[in-house]
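Summary of structural features
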Amino acid sequence: MNKIPDYFKPILWSYDFLSCDPLKMKNAIITNAISYGNFDHWRWIKSFYGTENIRKVLNNTSNSTIRPSALRLADLMF
């Protein structure tokens, strides 16, 4: 199983971090990283999931799920 870096613990606080599977929880990890993470989180999701997968998740996620300021920046980066 691929491991999520420990610095994701604060943004995945509502999940049992040790049980988090980055493949099964792709949507939650990407949306939390974009909404609450910093540049390190963004860099990790980009390297792990790829830009195209991040775009797909963003396009299929309600705009109210992600903070508006983070969504604007994500639109520029991904």
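Structure's up top.
Residues numbered from 1 in each chain as written. Predicted model: local features only at pLDDT ≥ 70, side-chain atom pairs only at ≥ 80, totals over all residues. Heavy atoms only, no water.

1. Details of the environment of Trp44
Heads up, the rule is: Helix and strand labels come from DSSP, where a helix needs a run of H or I of at least four residues and a strand needs a run of E of at least two; each type is numbered from the N terminus. Each residue's exposure class comes from its accessible area (1.4 Å probe, protein chains only) as a fraction of the maximum for that residue type: buried when under 20%, exposed when over 50%, partly exposed otherwise. Any two residues whose heavy atoms approach within 4.5 Å at even a single point are treated as in contact.
Mapping Trp44 onto the fold places it in helix H2 (residues 39-49). Under the relative-accessibility criterion, Trp44 is labelled buried at 13%. In this structure the C-alpha to C-alpha distance between Trp44 and Pro5, which are 39 residues apart in sequence, comes to 8.5 Å. Look past the residues within four positions of Trp44 in its chain and what remains in contact with it is Lys3, Ile4, Pro5, Tyr7, Phe8, Pro22, Ile29 and Tyr49.

2. Focus: the packing of aromatic side chains
Heads up, the rule is: Geometry of aromatic contacts follows a simple scheme: Phe, Tyr and Trp rings, the Trp one being its six-membered ring, pair when their centres are within 6.5 Å, and the pair is stacked under 30 degrees between planes, edge-to-face over 60, tilted otherwise.
Tallied over the full model, the rule gives six aromatic pairs. For the ring pair Phe8 and Trp44, a centre distance of 5.1 Å and an interplane angle of 65 degrees mean the geometry is edge-to-face. Of the two residues, Phe8 sits in the segment before helix H1 (26-36) while Trp44 sits in helix H2, which places them 36 residues apart along the sequence.

3. So, the nonpolar core
Stated formally: Here, nonpolar core means buried Ala, Val, Leu, Ile, Met, Phe, Trp, Tyr and Cys residues that are tied together by side-chain atoms lying within 4.5 Å of each other.
Core analysis: the largest hydrophobic core is formed by 24 residues, its most contacted members being Phe8, Ile29, Ile34 and Ile45. Within the residue set of this core, elements represented by two or more residues are H1, H2, helix H3 (51-59) and helix H4 (68-77). Per-element accounting of this core gives the leading share, five residues, to H1. Discounting residues that sit within four places of it in the chain, Ile45 has contacts with Phe8, Ile29, Ile30, Ala33, Ile34, Gly50, Ile54 and Phe78.

What is shown is where atoms sit, not what they do.
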